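# Topology and contacts: notes
Single-letter residue listing:
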Amino acid sequence: MYLSYSKLSAFERCPFYYKKIYIERVKLPPKKEFSFGHSLHGALEKFYSGKLLYFLGLKKPTLENLLKYLDEKWVSEGLSEEENQVFRREAVEILKKYFEIFVDGNFRPAWRVEARFSFPVGPHTIGGFIDRIQKRSDGYEIIDYKTHSRIPGISYLEQDMQLPIYFLACTEFFRKKVKTVSYIFLRFMKKISFNTENFDEDAIKQRILQVAETIKNETEFQPKKNIYCELCDFKDSCGLF
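Residue positions within a chain follow its written sequence, with the count starting from 1. Where totals are concerned, whole chains, interfaces and linings use all residues; where local detail is concerned, this predicted model gives features only for residues with pLDDT of at least 70, and gives and counts side-chain atom pairs only at 80 or more. The basis for the side-chain values is all heavy atoms of the structure; hydrogens and waters are excluded.

This next bit is on the nonpolar core. By nonpolar core is meant a set of buried Ala, Val, Leu, Ile, Met, Phe, Trp, Tyr and Cys residues that side-chain atoms within 4.5 Å join together. Accessible area is worked out with a 1.4 Å probe on protein chains only. A residue is then buried under 20% of its type maximum, exposed over 50%, and partly exposed in between. One finds Leu 8, Ile 130, Ile 165 and Ile 208 to be the most contacted residues of the largest nonpolar core, which totals 38 residues. Put simply, the parts of the chain that give this core at least two residues each are α1 (5-13), β2 (112-121), β3 (124-136), β4 (139-146), α8 (162-172), β5 (178-185), β6 (190-195) and α9 (201-217). Top contributing element to this core by residue count: α8, with seven residues. Any two residues whose heavy atoms approach within 4.5 Å are treated as being in contact. Ignoring any residue separated from it by four or fewer positions in sequence, one finds Ile 165 in contact with Tyr 5, Leu 8, Phe 117, Phe 119, Ile 126 and Ile 208. In terms of nonpolar packing, the next biggest core, distinct from the first, is built from 27 residues, Leu 70, Phe 87, Ala 91 and Ile 184 among them. Put simply, DSSP H or I for four residues or longer makes a helix, DSSP E for two residues or longer makes a strand, and each gets a number counted from the N terminus.

Have a look at this one:
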C-alpha cells in the first residue's frame, strides 16, 4: 500500500471516516479552516525558502515580506466575503506575533520547506511533506505548523504518529540527523518540542506495519469516538450519532 500520516491517523482515529475518504473517496466541500491553514502555511513556506537569495541580499526576512507572502498565498475557498475579511485580519495578527516571537533578530532560512519524502516500510511505501526542516548547530529540527483552535493534550501529541514518521523520513530519505521535532500552534504562539533521543526507529516502523496490516484486513470499518467527532463531515451517516 501507499501510506501517509493522514491515512494512518485517519484509520486509527476512526475506521468509518477512513472508509469514506480513502475507499469511497467522498468529495468534501471546501472548508474555511483548511483555506486559512493553507494560507498561513504558504506564507511561511515562502518566507523560509530561498537560502541563496537571503545570502545574496536579494531577499530580506522582514515582517513586510512575510505579510506580502500572505497576500500572494491567500486561499479564499469556502469563505464568504465577510469571513474572508475576518480570517485575513486574524492571519495578519498571527503573522505579526509570529514574527515578533520567532523571527525578529533570530532568523535563519530553512534547509527545506514543504520537503517531499517517500521511503519503504516493509512491503509498503510511506510518503508526504514536511512543513519545514531547520538546520541547527547540533543537527536538524523538524517543524510542523498547526492552526488548530485548541491545543491537544500532551499525551495525545506524544502518541500521535506525525512527528515520528517525519523523523523516520529525515533518517531514511534525507539521511539527516534530527535532534528535535516540534509543533508550532500558530493561534497560540506555542511551540511544543520533543527530543528524538528516545525515538525508537524499529518501534515506529512496527506501529506503521501494524496499522497497515489492520487496514488491509478490515472489513467492517466501524465508527470510533474521538476528539474530532463534532467536526466530522459524516455525522449524518455515522452510527454513533
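Next comes the rest of the write-up.
This paragraph deals with the packing of aromatic side chains. Here a Phe, Tyr or Trp ring, Trp counted by its six-membered ring, pairs with any other such ring whose centre lies within 6.5 Å, and the pair is stacked when the planes are under 30 degrees apart, edge-to-face when over 60, and tilted otherwise. Tallied over the full model, the rule gives 20 aromatic pairs. Measuring from ring centre to ring centre gives 5.1 Å for Phe 47 and Phe 107, while their planes differ by 65 degrees; the resulting arrangement is edge-to-face. With Phe 47 in helix α3 (residues 32-48) and Phe 107 in the loop between α6 (81-103) and β2, this residue pair connects regions lying 60 residues apart in the sequence. The buried category is assigned to Phe 47, whose relative accessible area is 0%. Plain terms: the ring middles of Tyr 98 and Phe 102 are 5.0 Å apart, the flat faces sit at 40 degrees to each other, and that makes the pair tilted. Taken as a pair, Tyr 98 and Phe 102 lie in helix α6 at a separation of four residues, close to a single helical turn. For Tyr 98, a relative accessible area of 0% puts it in the buried group. In this structure an aromatic cluster arises from ring pairing among Phe 47, Tyr 48, Tyr 54, Phe 99 and Phe 107. One Lys or Arg, Arg 112, reaches over the ring of Trp 111 and ends 4.0 Å from the middle of that ring. The rule for a charge over a ring is simple: NZ of Lys or CZ of Arg within 6 Å of the ring centre, and within 35 degrees of the ring normal.

Further remarks concern the pattern of salt bridges. Salt bridges are defined by distance alone: a side-chain nitrogen of Lys or Arg within 4 Å of a carboxyl oxygen of Asp or Glu. One pass over the structure, following the stated rule, counts 16 salt bridges. The partner of Glu 90 in a salt bridge is Arg 187, with the nearest N and O atoms 2.7 Å apart. Of this pair, Glu 90 sits in helix α6 while Arg 187 sits in the loop between β5 and β6, placing them 97 residues apart in sequence. In this structure Arg 187 comes out as partly exposed when scored by relative accessible area, which is 22%. Between Arg 136 and Asp 138 there is a salt bridge, and its shortest N-O distance comes to 3.0 Å. The class of Arg 136 is partly exposed, set by a relative accessible area of 25%. Through salt bridges with shared partners, a single network forms among Arg 136, Asp 138, Glu 141 and Lys 191.

With that settled, the discussion passes to the side chain of Lys 20. Its location among the elements puts Lys 20 in helix α2 (residues 15-23). Excluding residues within four positions of it along the chain, Lys 20 makes contact with Arg 25, Val 26, Phe 234 and Ser 237.

Take it as geometry only, folks, not as evidence of what the structure does.
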